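# Reading the structure
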Amino acid sequence: MSDYVIVGAGVIGLMTARFLAQDGAKVKLIERGTSAREASWAGGGIVSPLYPWRYQDAVTSLALWSQSSYVHLAQELLAETGCDPELRQKGMLMLDVKPEEEAVALDWARRYHRPLTKVGADFIYRTEEHLAPGFESAIWMPEVASIRNPRLGQALRESVRKHPNITLCEDSEVTGFSLFGERVLGVKTTRGEHQGGETILAGGAWSGELLAQLNLGLPVEPVRGQMMVFKAAPGVVDRVVMLEGRYVIPRSDGRVLVGSTLEHVGFDKSTTEEASRSLFDTATRIVPELADYEVEHHWAGLRPGSPEGVPFIGAVPGWQGLHLNTGHYRNGLVLAPASTRLMADLLLGRSPVVDPDAYSPAGRLTAC
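Below, the structure is looked at part by part. Remember, predicted model here, so these are calculated numbers, not experimental data.

## Brief notes about the layout of surface pockets
Looking at the second largest pocket, its volume works out to about 310 Å³. Val47, Gln67, Arg114, Glu143 and Val144 are, among the 20 residues lining the second largest pocket, the residues nearest its centre. A total of seven residues in the lining of the second largest pocket trace back to one element, the largest contributor, which is helix α3 (residues 57-81). Along the lines of polarity and charge, the residues of the lining of the second largest pocket split into 13 nonpolar, five polar and two charged.

Written as structure tokens, this is what we have:
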């Protein structure tokens, strides 16, 4: 019997397992497929909420704590595993932000003491010379980083595999909970039963389906996002660039990602020709030269959509021994270090890194 059973080995589950194991706990980590291969793999890896001033303070608090921790985390994972998550601290340009929103952004930056400024055409083209002509203004956030999320997932997976206090069980789909009255003792899977002192549900878009087995409604639903990657040359794009809610993200080897769509189509992860054309048009509107390069891959993933993007972190009311860490919507990777540290703090009885009240499932779940 483990101290903790974690359902879901995406970035949230993997980081939670590391925090708990580092404190000496025995952890069983259960994954329906392969670790970090769902939303954790499919996203773009921008270490900031898109247009961060649009989010509630609850999201901002987690994001700011996480952003400051990623440098240490990337270095630690590289030393542990030899896998480089490729953290790039190059900043983010947000093109053609509407004037009324610029004022909101600047006010947000003052309140949170963030280095956000409005810049003009000279700065834009000095910073990214391959952008399409005609952009006159932008918001510049120099501290924003990006990380190569498939490699982050690979490094986290290798880290937990090496840790003596963590047992990773992949290809084990959860079929139900092990119960004793109103206490959750663990989970039942296609490969057997796993029991623990506490159970943490970190199943991303699938969390609501699992919690429904306890007659609880969790407002987390799958939201499909499609992306593509160009096999470009190094230097075509050097930092994250956003335009009208979409973005291009460079990798260190020259590849450039473009994303992403927002589609409410259930658990359908298929790609579409319509999205392919739309993403290609977005990429070449931002950087026309990308039309000269091969589109190497086009894929889709499922985000765990939640109201206002505020995750559910904490104990499930009415069920002893069951906890949630899910519903991060578009910001799972951005919020992961803080939300998993908060989960560990709550479980271990430590002073929490941020005020946990805004994320508590109490009062946010429904009967079904």
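## So, the packing of α3 against helix α4 (residues 99-112)
At a minimum axis distance of 13 Å, the contact between α3 and α4 shows a crossing angle of 60°. On the basis of their axis angle, the class for α3 and α4 is oblique. Both α3 and α4 take part in a crossing whose hand is right-handed. On the side of α3, the interface is formed by Asp57, Thr60 and Leu64, while α4 contributes Trp108, Arg111 and Tyr112. Within the contact of α3 with α4, the residues separate by chemical class into three nonpolar, one polar and two charged.

## Focus on the sheet that holds strand β14 (residues 256-259)
On the basis of which strands lie adjacent, the open sheet formed by eight strands has the order β4-β5-β3-β12-β13-β14-β11-β15 and mixed pairing. Both edges of this open sheet fall to β4 (117-120) and β15 (295-305), since each of them pairs with a single strand only. Across the sheet, the mean angle from the axis of one strand to that of its neighbour is 25°, orientation sign disregarded. Examined bridge by bridge, β4 and strand β5 (residues 137-141) share four bridges and lie antiparallel to one another. Across the sheet, the residue bridging to Val119 is Ala138, located in β5.

## Some details on the side chain of Ser48
The residue Ser48 is located in the loop between α2 (39-42) and α3 in this model. Using a relative accessible area of 2% as the deciding quantity, one classes Ser48 as buried. Contact partners of Ser48, with chain neighbours within four places excluded, come to Gln67, Met92, Val144, Asn331 and Val334.

## Comments concerning the nonpolar core
In terms of nonpolar packing, the biggest core is built from 45 residues, with Ile6, Leu20, Tyr70, Leu152 and Tyr359 touching the most fellow members. For this core, the secondary-structure elements that each account for two or more residues are β1 (2-7), α1 (11-22), β2 (27-30), α3, α6 (149-162) and α9 (332-348). A per-element tally of this core places α9 first, with nine residues. Residues within four places of Tyr70 in sequence aside, it is in contact with Met15, Val47, Leu87, Ile147, Leu152, Leu333, Val334, Ala336 and Pro337.

## With respect to the pairing of strand β17 (residues 322-326)
With respect to burial, β17 is a largely interior element, five of its five residues being buried. Burial of β17 is two-sided: the residues Leu322, Leu324 and Thr326 facing one way and the residues His323 and Asn325 facing the other way are all buried. Sheet topology note: the strand β9 (residues 192-201)/β17 ladder contains three bridges and is parallel. If you follow Thr199 over to β17, its bridge partner there is Leu322.

## Concerning the environment of Ser306
Here Ser306 lies in the loop between β15 and β16 (312-315). Each C-alpha atom, one on Ser306 and one on Pro219, is 5.9 Å from the other, the two residues being 87 residues apart in sequence. Setting aside its immediate chain neighbours within four residues, Ser306 contacts Pro219, Val220, Phe312, Gly327 and Tyr329. Reaching out from Ser306, the side chain makes a polar contact with the backbone oxygen of Gly327 at a distance of 2.5 Å.

## Some words on the packing of α3 against α9
It is at 7 Å that the axes of α3 and α9 come closest, and there the two elements cross at 95°. The angle between α3 and α9 places the two elements in the roughly perpendicular class. Here Val59, Leu62, Ala63, Trp65, Ser66, Ser69, Tyr70 and Leu73 of α3 come into contact with α9, specifically with Leu333, Val334, Leu335, Ala336, Pro337, Ala338, Ser339 and Arg341. Its residues placed into classes, the contact of α3 with α9 shows 12 nonpolar, three polar and one charged.

## A closer look at the pairing of β9
Along a regular strand, successive side chains alternate from one face of the sheet to the other. The pairing of β1 with β9 spans five bridges and is classified as parallel. Across the sheet, Val7 pairs through a bridge with Leu201, a residue of β9. In this sheet, β9 lies alongside strand β8 (residues 183-189) in antiparallel orientation, the contact comprising four bridges. Note on β9: the bridge partner recorded for Val187 is His194. Joining the antiparallel neighbours β8 and β9 is a turn of two residues.

## Notes on the packing of aromatic side chains
Taken as a whole and judged by the stated rule, the model has six aromatic pairs. Centroid distance Trp108 to Tyr112: 5.6 Å. Interplanar angle 45°. Geometry classified as tilted. Within this pair, Trp108 and its partner Tyr112 are both found in helix α4, separated by four residues, close to a single helical turn. On the basis of relative accessibility, which here comes to 18%, the residue Tyr112 falls in the buried class. Residue placement shows Arg54 over the ring face of Tyr51; its charged tip is 4.0 Å from the ring centre.

Rules behind the numbers
- Residues numbered from 1 in each chain as written.
- Predicted model: local features only at pLDDT ≥ 70, side-chain atom pairs only at ≥ 80, totals over all residues.
- Heavy atoms only, no water.
- 1 Å grid on protein atoms, 1.4 Å probe; cavity = no way out; pocket = protein on both sides within 12 Å on 5 of 7 lines; lining within 4 Å.
- Points joined across faces, edges and corners; volume = space filled by probe spheres on them.
- Helix = DSSP H or I, 4+ residues; strand = E, 2+ residues; numbered from the N terminus.
- Nonpolar A, V, L, I, M, F, W, Y, C, P; charged D, E, K, R; others polar.
- Axes fitted to C-alpha atoms, helices over the stretch in contact; angles between N-to-C directions.
- Parallel < 35°, antiparallel > 145°, perpendicular 65-115°, else oblique.
- Left-handed = near helix turned anticlockwise from the far one by under 90°.
- Contact = heavy atoms within 4.5 Å.
- Pairing = 2+ DSSP bridges.
- Buried < 20%, exposed > 50% of the residue type's maximum accessible area, 1.4 Å probe, protein only.
- Core = buried A, V, L, I, M, F, W, Y, C linked by side-chain atoms within 4.5 Å.
- Polar contact = N/O pair within 3.5 Å; in protein donor to acceptor, adjacent residues only side chain to side chain.
- Phe/Tyr/Trp six-rings, centres within 6.5 Å; stacked < 30°, edge-to-face > 60°.
- Lys NZ or Arg CZ within 6 Å of the ring centre and 35° of its normal.

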